[in-house]
Amino acid sequence: MALAGDTSGDAAGAARAPLVTVIVATFNSRQTLACALDSVRRQTCQDFEVQVVGDACTDGSEAVVAALGDARFHWTNLARNTGSQAGPNNDGLRRAGGRYVAYLGHDDLWFPWHLEALVDLTSREGAGFVHGLGVLIEPEGIRASGPPRRGASYRGHFVPPTNWLVERALLERVGPWRAPEDLGWPVDVDILDRIAATGTRIGCASRVTTVKFPSPAWRAYAPDAVRPQIAMNEQMADDAGLLAARLLCDIAAEHARATGPTWSLPPAVLWLDVGRRIRAAIGATLWNLRQTPILGTLLRWRFQRLRRRVRGRRGLPPG
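Residue numbers restart at each chain and count upward from 1, following the sequence in its written direction. Local features in a predicted model are, by the rule used here, given only for residues with pLDDT of at least 70; side-chain atom pairs are given and counted only at 80 or more, and totals for whole chains, interfaces and linings are based on all residues. Computation of side-chain values: all heavy atoms of the structure, hydrogens and water removed.

Novice: Quick rundown of the overall build of the protein chain? Include the residues and the values.
Specialist: Helix numbers and strand numbers start at the N terminus; a helix is a DSSP run of H or I with at least 4 residues, a strand a run of E with at least 2. The helix and strand inventory of the protein chain stands at 11 helices and nine strands. Of all 319 residues assigned to the protein chain, the portion counted as buried reaches 47%. Intrachain contacts of the protein chain at a sequence separation of at least 6 include 77% that bridge at least 24 residues. The protein chains shown are the only cover counted for residues, whose accessible areas, like all others here, come from Shrake-Rupley with a 1.4 Å probe. Summed over all atoms, the accessible surface of the protein chain reaches about 15900 Å², with 56% contributed by carbon and sulfur. Burial status follows relative accessibility: with a 1.4 Å probe on protein chains alone, a residue under 20% of its type maximum counts as buried, one over 50% as exposed, and anything between as partly exposed. For this analysis, residues touch if any pair of their heavy atoms sits within 4.5 Å.

The following block contains the structure:
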């Protein structure tokens, strides 16, 4: 694996396929895109190419890619806006040359060890799909993303694509990202479900490797949107290890506040746990029945209504 700062074999490397293709779907968010691409350039694993695919961008995002002056970073802008990461992700996959594919949200960040940790994990475990632990930051607080609860399947589970590393052959086998208007659930949940359905081995790195800023929480496309990625990108460049430790402490504190023992009300805590288990069981049952005509139609109607609401929260016009 090529490490940061290792320029040996550049001429030979130009003639061979990269180990990893990084796909970055973007739409009119050049400031956060610059931060995301900075985090790619800091990777300890440098054997990659980057396909940045604009969803009909009009804000000059191509200049962000050109300014890097790095031939590994490629820019493509779709002629028509698809309104979802699915369109750009499919275009990026068609252009991919790497053995593995990694996705990075244009408003998310990778710790420098992200690619190296996941490539090492897939090699050790023979897994077709691996992911890291993630930090999700919202104005109201902080939480973690990772594997499903003990004993549960990845089918219907949500892991942000920013956390993934997938064998390209596996992605080609399960088929393209589906259009959101055809689904009753998010596009990333859908493709992860199809990956899990193949029976491929799935692995989770026991290390935090990503920071995600959910776009609805930050009204990411509004003109007055706050851009916390800029300050965090600077902190990550300064001392990524210290930042990771601080974020993990913040998650632990948040988890303690949400789930810590309440000695004065043990029955309430017990019933809260029972309620969680019941909701989880109901959710698993509905997911397994989602392809039935009646429930499938209901889920699609519900999800499309939710999509319209979320577009407004992101600062986008109704779709």
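Novice: Summarise the pattern of salt bridges; cite the residues concerned and give the values.
Specialist: Whenever Lys or Arg places a side-chain nitrogen within 4 Å of a carboxyl oxygen from Asp or Glu, that contact is recorded as a salt bridge. For the coordinates displayed, the defined rule picks out 14 salt bridges. Among the salt bridges present, the one from Arg72 reaches Asp70, with a minimum N-O distance of 2.7 Å. Asp108 is the salt-bridge partner of Lys212, the closest N and O atoms lying 3.2 Å from each other. In this pair, Lys212 is assigned in strand E9 (residues 202-212) and Asp108 in the loop between strand E4 (100-103) and strand E5 (109-110), connecting sequence segments 104 residues apart. The class of Asp108 is buried, set by a relative accessible area of 0%.

Novice: Got a sec to walk through helix H3 (residues 61-68)? Specific residues and values, please.
Specialist: Residues of H3 that are buried include every one of Ser61, Val64, Val65 and Leu68, and no others. Down the axis, H3 shows its buried residues gathered within 90° of arc, on one side only. Away from its buried face, by an angle of more than 90 degrees, H3 presents the exposed residues Ala66 and Ala67. Turning to H3, the residues buried within the fold contact helix H2 (30-41), strand E2 (48-54) and strand E3 (73-77). Immediately downstream of H3, the backbone of Gly69 shows phi near 60°, a positive value. Directions pointing from the helix axis toward each C-beta atom define the arc.

Novice: Kindly report on the packing of H2 against helix H9 (residues 228-259), identifying the contributing residues and their values.
Specialist: Here, axes are lines fitted to C-alpha atoms. For helices the fit covers the stretch in contact, and angles between N-to-C directions go from 0 to 180 degrees. Contact geometry of H2 with H9 gives a least axis separation of 9 Å together with a crossing angle of 20°. As far as their axial angle goes, H9 and H2 are roughly parallel. With respect to the hand of their crossing, H2 and H9 are arranged in left-handed fashion. Of H9, the residues touching H2 (which contributes Gln31, Thr32, Cys35, Asp38 and Ser39) are Gln229, Ile230 and Asn233. For classification, angles of less than 35 degrees are called roughly parallel, those exceeding 145 degrees roughly antiparallel, those between 65 and 115 degrees roughly perpendicular, and all remaining angles oblique. A clockwise turn of the near helix away from the far one marks a right-handed crossing, whereas an anticlockwise turn of less than a right angle marks a left-handed crossing.

Novice: Break down the packing of H2 against H3 for me, with residues and values.
Specialist: The description of two packed helices rests on the angle between their axes and on the distance between the axes. Where H2 meets H3, the axes come as close as 9 Å, and the angle between the chain directions of the two elements is 30°. The angle between H2 and H3 falls in the class roughly parallel. In the crossing of H2 with H3, the sense of the turn from one axis to the other is right-handed. Only Ser61, Ala63, Val64, Val65 and Leu68 of H3 make contact with H2, whose side of the interface consists of Arg30, Leu33, Ala34, Leu37 and Arg41. Ten residues, namely Ala, Val, Leu, Ile, Met, Phe, Trp, Tyr, Cys and Pro, are considered nonpolar, four, namely Asp, Glu, Lys and Arg, are considered charged, and the remaining ones, Gly among them, are considered polar. Here the contact of H2 with H3 is composed, by residue class, of seven nonpolar, one polar and two charged.

Novice: Before we move on, could you go through a positive patch on the surface and cite the residues and values that matter?
Specialist: Together, Arg302, Arg305, Arg308 and Arg309 make up a positively charged patch on the protein surface. Counting through the fold element by element, Arg309 comes out in helix H11 (residues 293-314). Patches were defined on residues exceeding 30% relative accessible area and lacking a salt bridge, with like-charge contacts within 9 Å and nonpolar side-chain contacts (Val, Leu, Ile, Met, Phe, Trp, Tyr) within 5 Å. Asp and Glu count as negative and Lys and Arg as positive, but His and the ends of the chain are not part of the count. Where a charge lies is defined by one atom per residue type: Lys uses NZ, Arg uses CZ, Asp uses CG and Glu uses CD.

Novice: Outline the pairing of E3, supporting the account with residue identities and numerical values.
Specialist: Bridge analysis of E2 against E3 gives five bridges, and the strand direction is parallel. Bridge pairing in E3 places Gly54 opposite Asn77. Here the term right-handed applies to a crossover when the path leading from its first strand over the helix to its second strand runs clockwise, the strands being oriented away from the viewer. This β-α-β element, E2 to H3 to E3, shows right-handed connectivity. For two strands to pair, DSSP has to find at least two bridges joining them.

Novice: Tell me about the pairing of strand E1 (residues 20-26), and name the residues and values.
Specialist: The buried fraction of E1 amounts to seven of the seven residues, a majority that puts the element mostly inside the structure. Burial of the side chains of E1 extends over both faces: Val20, Val22, Val24 and Thr26 are buried on one face and Thr21, Ile23 and Ala25 on the other. In this structure, E1 lies alongside E2, joined through seven bridges in parallel fashion. When the sheet's bridge partners are listed, Val24 is paired in E2 with Val52. Handedness of the E1-H2-E2 crossover: right-handed.

Novice: Break down the environment of Tyr100 for me, with residues and values.
Specialist: Looking at the secondary structure, you find Tyr100 in strand E4. Residues Tyr100 and Phe129, spaced 29 residues apart in sequence, show a C-alpha to C-alpha distance of 9.3 Å. Beyond its immediate sequence surroundings of up to four residues, Tyr100 is in contact with Leu19, Val20, Thr21, Thr122, Leu165, Val166, Glu167 and Arg168.

Novice: How would you sum up unusual backbone geometry? Please name residues and give values.
Specialist: One non-glycine residue, Asn28, lies in positive phi territory at about 45°. Here Asn28 shows up in the loop between E1 and H2. Positive phi values are uncommon outside glycine, yet Ala56 reaches one of about 60°. Within the element layout of this structure, Ala56 appears in the loop between E2 and H3. Take Ala56: its relative accessible area is 15%, and that puts it in the buried class.

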